[in-house]
Amino acid sequence: MAHLLRTSQRFFRLSWHVRCRSTSLAPALDLVPGEYDGPKMKTEVPGPKSKELIQKFAQSTLNVGAVNFLIDSQNSLGNYVVDADGNRLLDTFCQISSLPLGYNHPDLLAAARDPSIANFMAARPTLGMFPNMDYPALLERLVQNVAPKGLKHLQIMMCGTCSNENAIKQAFIRYRHKERGGNPTEEDYSSSMLNQPPGTTPYSVLSFEGAFHGRTFACLSLTHSKPIHKVDIPALDWPFAPFPRLKYPLNENEAENRAEEDRCLTKVSEIISEQRTDGRPVAAVIVEPIQAEGGDFHASPYFFKRLQQICKEVGSAFIVDEVQTGGGPTGYFWAHESWDLPEPPDFVTFSKKLISGGYFFKEEFDPVFGARIFNTWMGDPSKVMMMEAVTNVIQRDSLLELTREAGTHLMNGLEDLQKKYPQCVSNARGAGTFTAIDCATPAMQAKIAGTARNKGVLIGTCGNSSLRFRPALIFQPHHADIVLDTLEEIIRDL
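Notes on the structure follow. Since we're looking at a predicted model, the values are computed, not measured.

### Considerations on the overall build of the chain
So, point 1. When helices and strands are counted, the chain shows 18 helices and 14 strands.
So, point 2. Relative to the 2.2 N^0.38 estimate, which gives 23 Å for 494 residues, the radius of gyration of the chain is 23 Å and therefore close to what a compact globule would have.
So, point 3. Over its C-alpha atoms, taken along the principal directions, the chain stretches across nearly 75 × 60 × 45 Å.
So, point 4. Here the chain holds 494 residues, and 54% of them are scored as buried.
So, point 5. Taking as baseline every contact in the chain between residues at least 6 positions apart, the subset at least 24 positions apart corresponds to 72%.
So, point 6. As displayed, the chain has an accessible area near 22100 Å², and 53% of this comes from carbon and sulfur atoms.
So, point 7. Averaging the positions of the 50 positive and the 56 negative side-chain charges in the chain gives two centres separated by 4 Å.

In structure tokens form, the structure reads like this:
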């Protein structure tokens, strides 16, 4: 109860249910010195200052339709974001799941002050041609510390989308190299300049209904989460298969869920066969461990093992998009670790909580020639240094263990809420703190998320009617109690 006594009067008035749940918790850890003891609201969100700044912002960009509010970066701390109006919110969305250690973590501030980062920013190197002499050692340390088991090659990129895009290109290169039996011919080179075969290949990539892999042209063709992402944009004619829609609770629906996963796997095999017959073979299959943007849809280890097996049988690369799940939010550093695969994926892409973008890959996918996987910057060395600082803190402070503990506490609370209010919320699900719960309607989703924000808890949304939680790795059980109490207060009054 000690941490409850430190909270503001508003949050000391917790329900008896939440207070009882908290009594068995370990004392709160001092992971970010001086972190606030709870939300503190002065205005609705967005408040007048944020509204004024949004209007000013619009004069420059016109692209402000998705802006929620403007933040005060200097005064935000730990799990709490402060907005332009001085409102302090417990942030369980953390910049679309991209803040690994919350706001202004002392280790990241110290890393940012490293003179090497200043040098990189003052004279940013083009890493594909003129990398800094310290850069190879930095990548070597990252491979040693965080590479997925069995993968020892790392390509840094700027963001998650370009990581996926270039992993796909590398998969195409290898597929064609095997099919041709060697390097490109003169005919390949000349025809490629005309966008004609054989140099321009007819290969495809298979993705899944509900997937989100990014917004560049190839990745947008692989994305099937929301029409607003795709409408009016030309798309590559690439196939997609159904992704399992599991029933919850899992332990009460094992037979139905296995049948659902088998249905989807059968469709994958059928599509791959059809594509080959049509002369558009599937060179790669790309899949998220959890379909986040699409609605937090999960599948079992059985599904992913069998999917990898199908890829192996037909010669398609198996690409695991860990842009959202990589770096610890599921309680594993890499979410695919929980699948117990017989061998590593061919590619594992990342970004978000790991600060930098990039991907790990098997040696057999070596692009062979320089400038095939290439752009001006090939990533940002300052972000790679920050990535190393993040991974050091994760290991030092046992944040994967904390994430599992906080995630279990959050999930237990969400399950309690759906038992008490089944007419409002259902299908609590998650791994670590990477959790979600469905609302009865899209209107209820918007109502709960909007009301929670005005009460000082920032919650994300996804799919048609889901609330999603993407807190930092420093999120603790007592933070979960604030979230759960706020949710119950809102749902009770609906």
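Anyway, onward from the coordinates.
### Digging into the nonpolar core
So, point 1. Val205, Phe347, Phe350 and Leu399 are the most contacted members of the largest nonpolar core, which totals 70 residues.
So, point 2. When residues of this core are assigned to their parent elements, the largest contribution, 8 residues, is made by helix α15 (residues 381-396).
So, point 3. Contact partners of Phe347, with chain neighbours within four places excluded, come to Ala167, Gln170, Ala171, Ala317, Phe318, Ile319, Val320, Tyr359, Phe360, Phe361 and Phe365.
So, point 4. The next biggest cluster of nonpolar side chains, apart from the first, holds 29 residues, and it includes Met444, Leu467, Phe475 and Val483.

### Quick word on the pattern of salt bridges
So, point 1. Under the definition given, this model contains 23 salt bridges.
So, point 2. Its salt-bridge partner being Lys383, residue Asp380 comes within 3.7 Å of it at the nearest N-O pair.
So, point 3. You can call Asp380 buried: its relative accessible area is 12%.
So, point 4. Taken together, the shared-partner salt bridges connect Arg176, Glu179, Arg180 and Asp188 into one network.

### Observations regarding the sheet that holds strand β2 (residues 88-91)
Paired through backbone hydrogen bonds, the strands of a sheet run either parallel or antiparallel to each other.
So, point 1. Read from one edge to the other, the open sheet built from 3 strands follows the order β1-β2-β12, with strand pairing classed as mixed. Each having just a single partner strand, β1 (80-82) and β12 (457-458) make up the two edges of the open sheet.
So, point 2. Examined bridge by bridge, β1 and β2 share 3 bridges and lie antiparallel to one another. Across the sheet, residue Val81 finds its bridge partner in β2, namely Leu89.

### Remarks on the sheet that holds strand β4 (residues 204-208)
So, point 1. With respect to topology, 7 strands assemble into an open sheet ordered β3-β9-β8-β7-β6-β4-β5, the strand pairing being mixed. Of all the strands in the sheet, the pair left with one neighbour each is β3 (153-157) and β5 (240-241).
So, point 2. Bridging between strand β7 (residues 317-321) and strand β8 (residues 347-350) involves 3 bridges; their strand directions are parallel. Counterpart to Val320 in the pairing with β8 is Val348.

### Here we look at the packing of aromatic side chains
Geometry of an aromatic ring pair is reported as the spacing of the ring centres plus the angle between the planes.
So, point 1. Overall, the coordinates contain 18 aromatic pairs when judged by the stated rule.
So, point 2. Taking the centre distance of 6.2 Å and the plane angle of 65° together, the rings of Phe208 and Phe303 count as edge-to-face. Remark: Phe303 occurs in helix α14 (residues 301-314) and Phe208 occurs in strand β4; sequence separation between them is 95 residues. Across the pair, Phe303 and Phe208 agree in class, each one buried.
So, point 3. Ring centres of Phe303 and Phe304 lie 5.3 Å apart, and the angle between their planes is 85°; on these two criteria the pair is classed as edge-to-face.
So, point 4. Phe303 sits in the buried class, given a relative accessible area of 0%.
So, point 5. What links up through ring pairs into an aromatic cluster is the set Phe208, Phe243, Phe303, Phe304 and Trp339.
So, point 6. Sitting above the plane of the Phe365 ring, Arg174 keeps its charged end 4.8 Å from the centroid.
So, point 7. A cation over a ring is seen here: Arg258 above Tyr302, with NZ or CZ 3.6 Å from the ring centre.

What counts and what doesn't
Residues numbered from 1 in each chain as written. Predicted model: local features only at pLDDT ≥ 70, side-chain atom pairs only at ≥ 80, totals over all residues. Heavy atoms only, no water. Helix = DSSP H or I, 4+ residues; strand = E, 2+ residues; numbered from the N terminus. Rg over C-alpha atoms; globule rule 2.2 N^0.38 Å. Buried < 20%, exposed > 50% of the residue type's maximum accessible area, 1.4 Å probe, protein only. Contact = heavy atoms within 4.5 Å. Areas by Shrake-Rupley, 256 points an atom, 1.4 Å probe, with all protein chains shown as cover. Lys, Arg positive; Asp, Glu negative; His and termini not counted. Charge placed at Lys NZ, Arg CZ, Asp CG, Glu CD. Core = buried A, V, L, I, M, F, W, Y, C linked by side-chain atoms within 4.5 Å. Salt bridge = Lys/Arg side-chain N within 4 Å of Asp/Glu carboxyl O. Pairing = 2+ DSSP bridges. Phe/Tyr/Trp six-rings, centres within 6.5 Å; stacked < 30°, edge-to-face > 60°. Lys NZ or Arg CZ within 6 Å of the ring centre and 35° of its normal.

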